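Results of the structural survey
Listed below are the residues making up each chain.
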Amino acid sequence: MEALHGIATIKRDGSNLITEVDAKLKIGGYINKVQMVGPKAFDSQDIIPSELEIKIPHTGDVDLVKEQTRRAVEIQFQSDNGAVYIVRSASQTGEVDTGDEGLVGLVYMGDPAKKL
């Protein structure tokens with residue numbers, strides 16, 4: 001599935017952190033699988049988490065250890081076309097990426113996205 005692009009707002013520690021433009025969202029939720037048994041196709045569904053790739057400015061007040069271990073945040077995502085999605089119970093996964101021009105790359109996974 002191709003990711004949606006836009007801006008994400010992370011609600012954490014009683015404050016909102018707005019990410020750089022170019023956040024990416026994979027909405028998660030139910031996906032169909034089809035398997036062939038002989039000449040007959042059978043379908044089933046799996047549920048997968050949402051996934052958000054975001055970048056935040058790497059300023060002096062950004063604690064990389066804290067960002068890498070952040071859990072249970074709510075993220076609001078506004079796509080380029082104006083649609084707004086919300087991801088609840090999102091946790092940062094993997095290692096933070098500090099490779100891009102003063103930005104920190106984070107990947108959050110959480111409940112399947114809901115359209116507001």
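In this structure, Val34 sits in strand β4 (residues 29-37). With 10 residues separating them along the chain, Val34 and Ser44 place their C-alpha atoms 6.5 Å apart. Sequence-distant contacts of Val34, that is, excluding residues within four places in its chain, are made with Ala41, Phe42 and Asp43.

This paragraph deals with a nonpolar patch on the surface. On the surface, a cluster of nonpolar side chains totalling about 280 Å² of accessible area is made up of Ile7, Ile18 and Val21. Relative to the helices and strands, Val21 is located in the loop between β2 (15-18) and β3 (23-26). The exposure class of Val21 is exposed, given its relative accessible area of 59%.

Non-glycine residue Ala72 carries a positive phi angle of around 50°. On the basis of relative accessible area, Ala72 is assigned to the exposed category, the value being 64%. A positive phi is found at Ser89, a non-glycine position, where the angle reads about 55°. The residue Ser89 is located in strand β8 (residues 84-92) in this model. On the basis of relative accessible area, Ser89 is assigned to the partly exposed category, the value being 46%.

Conventions and cut-offs
- Residues numbered from 1 in each chain as written.
- Predicted model: local features only at pLDDT ≥ 70, side-chain atom pairs only at ≥ 80, totals over all residues.
- Heavy atoms only, no water.
- Helix = DSSP H or I, 4+ residues; strand = E, 2+ residues; numbered from the N terminus.
- Contact = heavy atoms within 4.5 Å.
- Patch = residues over 30% accessible without salt bridge, like charges linked within 9 Å, V, L, I, M, F, W, Y side chains within 5 Å.
- Areas by Shrake-Rupley, 256 points an atom, 1.4 Å probe, with all protein chains shown as cover.
- Salt bridge = Lys/Arg side-chain N within 4 Å of Asp/Glu carboxyl O.
- Buried < 20%, exposed > 50% of the residue type's maximum accessible area, 1.4 Å probe, protein only.

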